Amino acid sequence: MEQAPGSPQGPEEQRPQDAQSLPGCYRHPDRETGVRCTRCERPICPECMVSASVGFQCPECVRDGSGTGHTPTAAQPRTIAGGTVAADPRLATKILIGLCVAFYLVQQVVGDSFTERLELLGQAYVPQFGSVEGIAEGQPYRLLTAMFLHASVIHILFNMMSLWWIGGPLEAALGRARYLALYFVSGLAGSALTYLIAAPNQPSLGASGAIFGLFGATAVLMRRLRYDMRPVIALLVINLIFTFGWANIAWQAHIGGLVAGVITGYAMVHAPRERRALIQYGTCAVVLVVVVVLTLIRTAQLS
């Protein structure tokens, strides 16, 4: 929730003929799969598949170099997006949550002066500082710092629960670096759209622009893996209802983050293997260019 103080299934013929008879992935038992590791013959889901010269192998066989003729470090297991399979697949999510909680604690200890220096503000006179403050006044860092601030206990609790439920599985699927790139470009896109459209004297803060980006990328990933889309669609609809039906929510951040998340998420999971990193990070760069352009346009309007 971004808050402003005062936020196909594929064609029928492509589905397994008898889905209930399929085994579950040995690492993710709840995910049915018809693919087995060519070395140990354990069932593996798309997230666990590592391309080999013939078929797919599981992460353990690749890590051990089983029957490949290479040393264990010659071919590292990769996520569906090409990222490295980490020992702790939720580490980045934990760090992001920790940063948001730490910022919130500082907000409570230091008071409004800390929040008012870092929240998203276009251009406005701030009595506490006795000066005109905001992004248009040479403070573009507010586009980023506002992503780590929250207005209340309920605000941060709701956002951190959403980040844990959505972010953790997505980080495991994409890999840490790609996940963080997605998170920050989504959050910055949400901030930029808020700066462009919202009243310049209306402050806003919260991590929900980035979290809506994770929602969008999760929907793209689930469609790519041909999972049931209904749960994530229902959750997204509920959040959009809150976005437009609740007072004091910066809907611009939600929509900006969602659009950036869908675009970036599509590049993450659909990029062809031979040009994967170029397309993935190139898309992130394009989104960041759009963020910069929107920021410059709004700044020119307010100058």
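Along each chain, residue indices are assigned from 1 in the same order as the chain's sequence is written. Given that this is a predicted model, residues contribute local features only at a pLDDT of at least 70 and side-chain atom pairs are listed and counted only at 80 or more, while totals for whole chains, interfaces and linings are drawn from all residues. Side-chain numbers come from the whole structure's heavy atoms, not from hydrogens or water.

**Description of the overall build of the chain**
Then step 1. Counting from the N terminus, the helices are the DSSP runs of H or I reaching at least four residues and the strands are the DSSP runs of E reaching at least two. When its secondary structure is counted, the chain shows 10 helices and 4 strands.
Then step 2. When its helices and strands are written in sequence order, the chain yields β-β-α-α-α-β-β-α-α-α-α-α-α-α.
Then step 3. When accessible area is computed with a 1.4 Å probe and restricted to protein chains, residues below 20% of their type maximum are described as buried, those above 50% as exposed, and intermediate ones as partly exposed. Among the 303 residues that make up the chain, the fraction classed as buried is 48%.

**Comments concerning the nonpolar core**
Then step 1. Note on terminology: a nonpolar core comprises buried Ala, Val, Leu, Ile, Met, Phe, Trp, Tyr and Cys residues joined through side-chain atoms within 4.5 Å. With 49 residues, the main nonpolar core has Leu163, Leu170, Tyr183 and Leu214 as its most contacted residues.
Then step 2. Sorting the residues of this core by element identifies α2 (91–110), α5 (153–174), α6 (176–197), α7 (208–224), α9 (251–270) and α10 (276–302) as the ones contributing at least two each.
Then step 3. For this core, the element with the highest residue contribution is α6, accounting for 9 residues.
Then step 4. In this description, contact between two residues means that some pair of their heavy atoms is separated by no more than 4.5 Å. With sequence-adjacent residues up to four places away left out, tyrosine 183 is seen in contact with Leu96, Met147, Leu163, Ala207, Ala210 and Leu214.

**Thoughts on the side chain of threonine 283**
Then step 1. Relative to the helices and strands, threonine 283 is located in helix α10.
Then step 2. Those residues in contact with threonine 283 that lie beyond four places of it in its chain are Ile263, Thr264 and Ala267.

**Thoughts on α7**
Then step 1. Here a helix's expected span is defined as the number of its residues, less one, multiplied by 1.5 Å. The end-to-end C-alpha separation of α7 is 24 Å, in line with the 24 Å expected for 17 residues at 1.5 Å each.
Then step 2. The buried count for α7 comes to 15 of 17 residues, which makes it a mostly enclosed element.
Then step 3. One or two positions beyond α7, positive phi appears at arginine 226, with a value near 60°.

**Things to note about the pattern of salt bridges**
In a structure, side chains of opposite charge can pair up when their charged atoms sit close to one another.
Then step 1. Salt bridge, as used here: a side-chain nitrogen of Lys or Arg that lies within 4 Å of a carboxyl oxygen of Asp or Glu. Going through the model one piece at a time under the given rule, you end up with 5 salt bridges.
Then step 2. Linking glutamate 47 and arginine 31 is a salt bridge whose minimum nitrogen-to-oxygen distance equals 2.6 Å. Highlighted residues: glutamate 47 in the segment before β1 (50–51) and arginine 31 in the segment before β1, separated in sequence by 16 residues.
Then step 3. Of the charged contacts in the structure, one is a salt bridge between glutamate 274 and arginine 275, with a shortest N-O distance of 3.9 Å.

**A look at the packing of α6 against α7**
Then step 1. The contact between α6 and α7 brings their axes to 7 Å, and the two run at 125°. Here α6 is positioned oblique relative to α7, judged by the angle of their axes. The two elements α6 and α7 cross, and the hand of that crossing is right-handed. Counted together, Tyr179, Leu182, Tyr183, Ser186 and Gly187 of α6 and Gly209, Ala210, Gly213, Leu214 and Ala217 of α7 form the full contact between these two elements.
Then step 2. Charged means Asp, Glu, Lys or Arg here, nonpolar means Ala, Val, Leu, Ile, Met, Phe, Trp, Tyr, Cys or Pro, and polar covers whatever is left, Gly included. Across the contact of α6 with α7, the residue classes tally to 6 nonpolar, 4 polar and no charged. Angles shown run from 0 to 180 degrees and are taken between the N-to-C directions of axes, each axis being a line fitted to C-alpha atoms and, for helices, limited to the stretch in contact. Roughly parallel means an angle under 35 degrees; roughly antiparallel means over 145; roughly perpendicular covers 65 to 115; every other angle is labelled oblique. Should the near helix be turned anticlockwise from the far one by less than a right angle, the crossing is left-handed, and should it be turned clockwise, the crossing is right-handed.

**Quick word on the environment of phenylalanine 184**
Then step 1. Within the secondary structure layout, phenylalanine 184 lies in helix α6.
Then step 2. Overall, the relative accessible area of 27% leaves phenylalanine 184 in the partly exposed class.
Then step 3. As for phenylalanine 184 and methionine 147, which are separated by 37 residues in sequence, their C-alpha atoms are 8.9 Å apart.
Then step 4. With residues up to four places along the chain from it excluded, the contact list for phenylalanine 184 reads Leu96, Leu144, Met147 and Phe148.

**Comments concerning the packing of α7 against α9**
Then step 1. At a minimum axis separation of 6 Å, α7 and α9 run at an interaxial angle of 35°. Judged by the twist between their axes, the crossing of α7 over α9 is right-handed. Counted together, Ser208, Gly209, Phe212, Gly213, Gly216, Ala217, Val220, Leu221 and Arg224 of α7 and Ala253, His254, Gly257, Leu258, Gly261, Val262, Gly265, Tyr266, Val269 and His270 of α9 form the full contact between these two elements.
Then step 2. Partitioning the contact of α7 with α9 into residue classes produces 9 nonpolar, 9 polar and 1 charged.

**A short note on the packing of aromatic side chains**
Then step 1. A pair of Phe, Tyr and Trp rings is counted when the ring centres sit within 6.5 Å of each other, with Trp represented by its six-membered ring. The angle between the planes then sorts it: under 30 degrees is stacked, over 60 is edge-to-face, the rest tilted. Applying the stated rule across the entire model yields 5 aromatic pairs.
Then step 2. Aromatic pair phenylalanine 103 and phenylalanine 114: ring centres 6.2 Å apart, planes at 50°, arrangement tilted. Of this pair, phenylalanine 103 sits in helix α2 while phenylalanine 114 sits in helix α3 (residues 112–118), placing them 11 residues apart in sequence.
Then step 3. For a lysine, the NZ atom is tested; for an arginine, the CZ atom; a charge sits over a ring if that atom is within 6 Å of the ring centre and within 35 degrees of the ring normal. Residue placement shows arginine 42 over the ring face of tyrosine 26; its charged tip is 4.1 Å from the ring centre.
Then step 4. Here the guanidinium or amino end of arginine 90 rests over the ring plane of tryptophan 164, the centre of that ring lying 4.4 Å away.

**What to know about the side chain of threonine 295**
Then step 1. Position of threonine 295 among the secondary structure elements: in helix α10.
Then step 2. Filtering out sequence-adjacent residues up to four positions away, threonine 295 remains in contact with Ile135, Leu143, Ala192 and Tyr195.

**Structural notes on the confidence of the model for the chain**
Then step 1. Every residue carries a pLDDT, the predictor's confidence in it, which falls somewhere between 0 and 100. On average, residues of the chain score 84 in pLDDT, and 86% of them are at 70 or above.
Then step 2. In the model, residues 67–74 has pLDDT below 50 throughout and makes 8 contacts with residues more than four positions away in sequence or in other chains.

**Side note on a nonpolar patch on the surface**
Then step 1. Any residue with relative accessible area above 30% and no salt bridge may belong to a patch, with like charges joined within 9 Å and the nonpolar Val, Leu, Ile, Met, Phe, Trp and Tyr side chains within 5 Å. Every accessible area reported is derived by Shrake-Rupley at a probe size of 1.4 Å, with residue values counting cover from the shown protein chains alone. Nonpolar side chains collect at one region of the surface, where Val153, Ile154, Leu157, Met161, Trp164 and Trp165 lie side by side and expose about 630 Å² of accessible area between them.
Then step 2. Tracing the sequence through the fold places valine 153 in helix α5.
Then step 3. Take valine 153: its relative accessible area is 53%, and that puts it in the exposed class.

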